[in-house]
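In case you want the letters, here they are:
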Amino acid sequence: MTTAMIVNASLVPASEALSKIVEEMVATAHAARDVLVEKESFAAVSSYLDRIVPVLKELNKKNTLNFESLNNVIEILNREVRAANKLTLDCSKQNKVYLLVNCRKIVQRLQDTTREISRAVKLIPLASLDLSSDINDEVNNLCDNMLKVEFRAAIAEEEVLERIESGIQERNANRSYANNLLVLIAEAVGISTERSTLKREFEEFKREIEDARVRKDHAEAIQMDQIIALLGRADATLSLEERERKYFSKRKSLGNQPLEPLDSFCCPITHEVMEDPVETSSDRTFERSAIEKWFADGNTTCPLTKIPLNREILRPNITLRKSIEEWKDRNTMIVIASMKSKLSSGDEEEVLQCLIQLQELCEESDSHREWVVLENYISILVGFLGRSNSLIRNRVLSIFCILAKDSDDVKERIAKADNAIDYIVRSLGRRIGESKLAVALLLELSKIDVVRNHIGEVRGCILLIVNLSNSENPQAAEDAMEVLENLSFLDQNVLQMAMANYFKPLLQRLSSDESKINMVTALAEMDLTDHRKSSLFDDGVLEPLLHLTSHVNVEVNQAAVKALHNLSSLPRNGLKMIREGAVCPLLRLLYLHNASSPILRQEVAATIMNLAVSASSPEADGTPVQLLQSDEDIFRLVSLVTLTGPDVQQSILQTFHAMCQIPSPTDMRAKLIQCSVIPLLVQICEHHEHNNHVIRASSVKLFFCLIGDGDNDTLVEHVSQRYLETLVRIMRTSDSNEEISAVLGIISRLPKDHNQITQWLLDDGALPIIVKFLTDRQHNSSSQLIENAVGALCRFTVSTNIEWQRRAARAGIIPVLVHLLGSGLALTKQYAAISLAQFSHNSINLCISVARHRGFLCFSAPPEPGCPVHMGVCSVESSFCLVEAEAVEPLVRLLGDPDVGSCEAALQALSTLIDAERLQSGSKVISQAHGIAAIIRLLSSHSSELQEKALRILERIFRLEEYKQKYGASAQMSLVDITMRGTSTMKSLAAQILAHLNVLHDQSSYF
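Thresholds, definitions, all that
Residues numbered from 1 in each chain as written. Predicted model: local features only at pLDDT ≥ 70, side-chain atom pairs only at ≥ 80, totals over all residues. Heavy atoms only, no water. Helix = DSSP H or I, 4+ residues; strand = E, 2+ residues; numbered from the N terminus. Rg over C-alpha atoms; globule rule 2.2 N^0.38 Å. Buried < 20%, exposed > 50% of the residue type's maximum accessible area, 1.4 Å probe, protein only. Contact = heavy atoms within 4.5 Å. Areas by Shrake-Rupley, 256 points an atom, 1.4 Å probe, with all protein chains shown as cover. Patch = residues over 30% accessible without salt bridge, like charges linked within 9 Å, V, L, I, M, F, W, Y side chains within 5 Å. Salt bridge = Lys/Arg side-chain N within 4 Å of Asp/Glu carboxyl O. Lys, Arg positive; Asp, Glu negative; His and termini not counted. Charge placed at Lys NZ, Arg CZ, Asp CG, Glu CD. Core = buried A, V, L, I, M, F, W, Y, C linked by side-chain atoms within 4.5 Å. Expected span 1.5 Å × (residues − 1). 1 Å grid on protein atoms, 1.4 Å probe; cavity = no way out; pocket = protein on both sides within 12 Å on 5 of 7 lines; lining within 4 Å. Points joined across faces, edges and corners; volume = space filled by probe spheres on them. Nonpolar A, V, L, I, M, F, W, Y, C, P; charged D, E, K, R; others polar. Pairing = 2+ DSSP bridges. Phe/Tyr/Trp six-rings, centres within 6.5 Å; stacked < 30°, edge-to-face > 60°. Lys NZ or Arg CZ within 6 Å of the ring centre and 35° of its normal. Axes fitted to C-alpha atoms, helices over the stretch in contact; angles between N-to-C directions. Parallel < 35°, antiparallel > 145°, perpendicular 65-115°, else oblique. Left-handed = near helix turned anticlockwise from the far one by under 90°. Disulfide = S-S within 2.5 Å. pLDDT = per-residue confidence, 0-100.

Draft legend 1. Seen up close, the overall build of the chain. A tally of helices and strands in the chain yields 57 helices and 5 strands. Here the C-alpha radius of gyration of the chain, 52 Å, is well above what a compact globule of 1007 residues would show, namely 30 Å. Oriented by its inertia axes, the alpha-carbon framework of the chain measures out at about 170 × 90 × 60 Å. Looking at the chain as a whole, 51% of its 1007 residues qualify as buried. Considering only residue pairs separated by 6 or more positions, the chain has 68% of its internal contacts joining residues 24 or more positions apart. For the chain, the accessible area works out to roughly 48000 Å², and carbon and sulfur atoms hold 49% of it.

If you want it as structure tokens, here you go:
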């Protein structure tokens, strides 16, 4: 509906005119939705019109249209609705900036129109329409509200108008003022602050001014010209070429020499060029500060005319101030143009002074900064950044910081200059004063996209900025953080920041739909140090990664799990994952994804393995950690071992092994055994003997772990001769000390009373292989392997099978065992002492008796020296004699070992020397080795078992008078203490010894 459709009410019937007004109201209310400014005010007007339309339609139905008063109503509505419609259409299509600067007029016109329409509606004879009283009251209230309505421009619009008025009044020619004002206008009208958009809007605004001139609206045209002059200083309103053309045209007209100031430029009081000239009531001009001091000193007359002055009248002489500024600008322009020759001087001191002057000029005004840029100083100054003189470099960085501030053009020019960004980046790594300036400059440069791209590409730049973000200098650190924030718009920069141990942008992008795939993929591939892994978890990487494991895209799942796998290798992180509930989603992925995504399943299994290792690590600090929540999870994992490929099998086996290392793992071992994991491990070991040594090793180590506790007899049924043959071949061929150690541990822990197992091992050649491990230097470095090897030997030295003992002795094992009594782990010493005790048990039966000589002694050969204990001919290999093996003293020394098991085994070995008729000879040998005193010291042990074994030996030794006399007194106090605090058996033994020592009589109640 156009305004031409509304005609004079006197030329058409009232009903037709009223219908057209209604149509125009509806059209105006609809068009009000599309206005570009004052949307709230137009919405209010639209609401009023919508509420008036039903009243006018009702009026058109009645037979009261011949009332003479309606002609006036129609005339007013016709005029005002047409005006409202035109204003609405204009505000929907005119330039936004033009509408903004006219917003006060717009809201005033809206207000006037609304009130006029209200007055017209009030003239309608509502009583004649036969309407209800409620409707009449509503219309009257509506009219009252419309009469009182007050529309105002928005606060943001008012702020812009005030800034415009202030700039025009003060003749502000500052470029930064114009730049900021243009941005403020853009934000107020809702347009982009990008330069091309601002320039387009400014050009459209100027065309609106031309239209105003065509309309011969001179007042508006003058006002708009002032606004254009003010905004014309902004960077976005002129292209670089236009500014250069304008500048050089003016400079060429100035000549080459500065001009002296006119007399009128100088203050009559100070005789210096004025900065703020003011005119007094005598029409003479002075510097404001000078005339104010004149008055403050008590003077009341004009310094020149002596005419009395009104102190209240000090008018700014704007014209003179403008002339002075133009004269200063002219001279400064000439000075700036002439400084290039000084900068090309080879004298660094002259160059430095020139740079100082140039910096001062740049600090004075934005015009000076623009002239420096237009004179192409940027390329000259960039060259100085490569100089070795730090004072010159710092001065250039300071100048660049000033030039780049609030000017995107300058930022681009600096960035495009040869090697500029590279030089600035180098300064980041220098002393704090220079690095502080460099990062401040990069902060300015990074505010525009075209420069951001280049900054991140410079090698080492982001690493240096991250380092500066941790600087002790707060300003440098703050600026560095802002630069990183500005550079984080680009994925590549974010990844570089992460590699420099700054993960905040990466973590933010993990939750971004656009970047999360790139971020999680990169994170999964990063070679992270433990410190970086820890930092990532501290910064909250776990939650987004766990969320991504349930992503619909399998590739995203895989990357997220791979990242978790990488991060979970640090036990601290693994423990946090367990406590934060990461196990359940990982298990779901492991169970759900089959052959369609084998790589994902491998990563999940490896991650779960890391979690199990974390739970058994020292970082757990003994705190129970529940990895698998149910027996069902254990069963399903065991089942997966037979259903998956070697990589997943390997991870699951290592998971179980780690879980068996968790404090109090007996329950876990029992559950694994219940899930029939033992036959599965035997099968894996035999199947992968040749084709996958890694899985074979994992199965062997887990078997060794499971065979550690409880009754191992139930496991023997799964240990076949074939399996033992496999174990022996592993010992013979494996390159892994861990795997060999586990095999030896299995042999050591298999029940020793199962003679068939030992015989199979002997038949397969296990014994010489085990001995070789103890004598070969290549394996001596592994204390665990030595321990398990010595433990395995115990089954070949049992006293019930002399033939096995002989094979072991011929293999040269006894000297090795004696040597191990003084070295290795506690369990190694214990196993060595046990084997020696088992050997010694049969020595008496294997000793060869010394033949008695008959006949004349003088013709007989001297008798062979016999064993001092067994009283015959003994040797290490034939009778396994501890004396011949020189084992007595090492066994005595072992009695001082803090490990109770080692002491008990040593006592057991020594006790074999005093069995039966060997009491006298054996006691003598033990005494000579200072063993009796050592045994007495064991009476004070905290171990009751060790005390009891010591008591039994001493009870036999103290039957001999010689040793009662020699050692009885030293044992007495400990023995008395045991009679009071020991067990019943110990009390009885102690009492018997005290009876031997004549401290108690044989009928004592202790017996």
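There's more to say after this.
Draft legend 2. Quick look at a positive patch on the surface. On the surface, a cluster of positive charge is made up of Arg-171, Lys-246, Lys-250 and Lys-322. Tracing the sequence through the fold places Lys-250 in helix 11 (residues 240-252).

Draft legend 3. Here's a closer look at the nonpolar core. In terms of nonpolar packing, the biggest core is built from 183 residues, with Leu-506, Leu-545, Met-731 and Ile-813 touching the most fellow members. Look past the residues within four positions of Leu-506 in its chain and what remains in contact with it is Val-494, Leu-495, Ala-498, Met-519, Leu-523 and Met-526. Counting 66 residues, the second largest nonpolar core, distinct from the first, contains Met-333, Met-339, Leu-361 and Ile-414.

Draft legend 4. Region of the structure containing helix 1 (residues 14-31). Here helix 1 is 18 residues long and its end C-alpha atoms lie 25 Å apart, about the 26 Å a rise of 1.5 Å per residue gives. Among the residues of helix 1, those classed as buried are Ala-14, Ala-17, Leu-18, Ile-21, Val-22, Glu-24, Met-25, Thr-28, Ala-29 and Ala-31.

Draft legend 5. Looking closely at a negative patch on the surface. Residues Asp-347, Glu-348, Glu-349 and Glu-350 make up a contiguous surface patch of negative charge. By secondary structure assignment, the location of Glu-349 is in helix 15 (residues 348-364).

Draft legend 6. Spotlight on empty space enclosed by the protein. Applying the stated criterion across every chain, the model contains 4 cavities of 30 Å³ or more. Roughly 60 Å³ of volume is contained in the largest cavity. What lines the largest cavity is a set of 10 residues, and nearest its centre among them are Arg-243, Glu-370, Val-373, Asp-409 and Val-410. Of all the secondary-structure elements, those providing two or more residues to the lining of the largest cavity are helix 11, helix 16 (366-374) and helix 19 (408-416). The dominant element in the lining of the largest cavity, judged by the number of residues it contributes, is helix 16, at 3 residues. Across the lining of the largest cavity, the residue classes tally to 4 nonpolar, 1 polar and 5 charged.

Draft legend 7. Geometry of the sheet that holds strand 2 (residues 285-287). A sheet is described by the order of its strands in space; here 3 strands give the open sequence 2-1-3, paired in antiparallel fashion. Of all the strands in the sheet, just strand 2 and strand 3 (315-316) have a single pairing partner and so form its edges.

Draft legend 8. Structural detail: the packing of aromatic side chains. Overall, the coordinates contain 4 aromatic pairs when judged by the stated rule. When the centroid spacing of 5.4 Å and the interplanar angle of 40° are considered together, the rings of Phe-703 and Tyr-723 count as tilted. On the criterion of sequence distance, the pair formed by Phe-703 in helix 38 (residues 693-706) and Tyr-723 in helix 40 (residues 721-733) is long-range, its members being 20 residues apart. Over the ring of Tyr-377 we find Lys-340, and its NZ or CZ is 5.8 Å from the ring centre. Looking at Arg-452, its charged tip hangs above the ring of Phe-489, at a distance of 5.4 Å from the centre.

Draft legend 9. Expanded view of the packing of helix 30 (residues 554-567) against helix 33 (residues 598-615). As a packed pair, helix 30 and helix 33 sit with axes 9 Å apart at the nearest point and diverge in direction by 25°. Classed by the angle they form, the pair helix 30 and helix 33 counts as roughly parallel. The crossing of helix 30 and helix 33 is left-handed. Contacts from Val-554, Asn-557, Gln-558, Val-561, Lys-562, Leu-564 and His-565 in helix 30 reach Ile-599, Leu-600, Glu-603, Val-604, Ala-606, Thr-607 and Asn-610 in helix 33. A per-class count over the contact of helix 30 with helix 33 returns 7 nonpolar, 5 polar and 2 charged.

Draft legend 10. Representation of unusual backbone geometry in the model. Phi at His-271 takes a positive value of approximately 60°, unusual for a residue other than glycine. With respect to the helices and strands, His-271 occurs in the loop between helix 11 and strand 1 (277-279). For Asn-419, which is not glycine, the phi dihedral falls at a positive 65°.

Draft legend 11. How the structure looks around the packing of helix 31 (residues 571-579) against helix 33. Where helix 31 contacts helix 33, the two axes come as close as 8 Å, and the packing angle between them is 105°. Taken together, the axes of helix 31 and helix 33 lie roughly perpendicular to each other. Of the residues in helix 33, those touching helix 31 at Pro-571, Gly-574, Leu-575, Met-577 and Ile-578 are Thr-607, Leu-611, Ser-614 and Ala-615. Across the contact of helix 31 with helix 33, the residue classes break down as 6 nonpolar, 3 polar and no charged.

Draft legend 12. The arrangement of the layout of surface pockets in detail. Quantified by volume, the second largest pocket comes out at close to 570 Å³. Every residue lining the second largest pocket is counted, 21 residues in all, and those nearest its centre are Val-183, Thr-193, Arg-195, Asp-408 and Ile-448. Those elements giving two or more residues to the lining of the second largest pocket turn out to be helix 8 (175-189), helix 9 (195-214), helix 19 and helix 22 (449-457). Sorting elements by how many residues they give to the lining of the second largest pocket places helix 8 first, with 4 residues. Looking at side-chain class alone, the lining of the second largest pocket contains 7 nonpolar, 4 polar and 10 charged residues.

Draft legend 13. Layout of the pattern of salt bridges. Under the criterion given, the structure shown has 38 salt bridges. Where Asp-144 meets Lys-122, a salt bridge forms, and the shortest distance between an N and an O atom there is 3.6 Å. Here Asp-144, found in helix 6 (residues 133-148), pairs with Lys-122, found in helix 5 (residues 103-122); they are 22 residues apart in sequence, far enough to count as distant. Notably, a salt bridge pairs Arg-152 with Glu-150, separated by 3.4 Å at the nearest N-O pair.

Draft legend 14. Broad picture of helix 30. Between its terminal C-alpha atoms helix 30 stretches 20 Å, which fits the 20 Å expected from 14 residues at 1.5 Å a residue. The inward-facing, buried residues of helix 30 contact helix 27 (516-525), helix 28 (530-538), helix 29 (542-548), helix 31, helix 32 (583-592) and helix 33.

Draft legend 15. Highlighting the environment of Val-450. The residue Val-450 is located in helix 22 in this model. Since its relative accessible area comes to 44%, Val-450 is described here as partly exposed.

Draft legend 16. Molecular detail of the state of the cysteines. In total, this model carries 0 disulfides according to the counting rule given. Not engaged in a disulfide, the cysteine Cys-354 finds its nearest cysteine sulfur in Cys-362; these two sulfurs lie 11 Å apart. Judged by its relative accessible area of 2%, Cys-354 falls in the buried class. As a non-bridged cysteine, Cys-903 has Cys-794 as the owner of its nearest cysteine sulfur, 17 Å distant.

Draft legend 17. Quick look at the environment of Arg-109. Among the secondary structure elements, Arg-109 is positioned in helix 5. Its relative accessible area of 40% is what places Arg-109 among the partly exposed residues. Spatially, the C-alpha atoms of Arg-109 and Phe-151 are 9.3 Å apart, while their sequence positions differ by 42 residues.

Draft legend 18. The arrangement of the side chain of Arg-795 in detail. Counting through the fold element by element, Arg-795 comes out in the loop between helix 45 (783-793) and helix 46 (802-810). Asp-753 provides the closest opposite charge to the buried, salt-bridge-free Arg-795, at an N-O distance of 6.8 Å. Among residues more than four places away in sequence, those in contact with Arg-795 are Ile-747, Leu-750, Pro-751, Lys-752, His-754, Ile-757, Thr-758, Leu-761 and Trp-804.

Draft legend 19. Inspection of the environment of Val-641 at higher detail. Checked against the element boundaries, Val-641 lands in helix 34 (residues 631-643). Since its relative accessible area comes to 2%, Val-641 is described here as buried. Considering only alpha carbons, one finds Val-641 and Gly-460, 181 residues apart in sequence, at a separation of 47 Å. Residues within four places of Val-641 in sequence aside, it is in contact with Gln-649, Ile-652, Leu-680 and Ile-684.

Draft legend 20. Spatial organisation of the confidence of the model for the chain. Overall, the predicted model of the chain reaches an average pLDDT of 85, with 91% of residues at or above 70. The secondary-structure element of the chain with the lowest mean pLDDT is helix 44 (residues 777-780), recorded at 61, while strand 2 shows the highest, at 95. Segment residues 1-11 is flagged for pLDDT under 50; beyond a separation of four residues in sequence, or across chains, it makes 21 contacts in the model.

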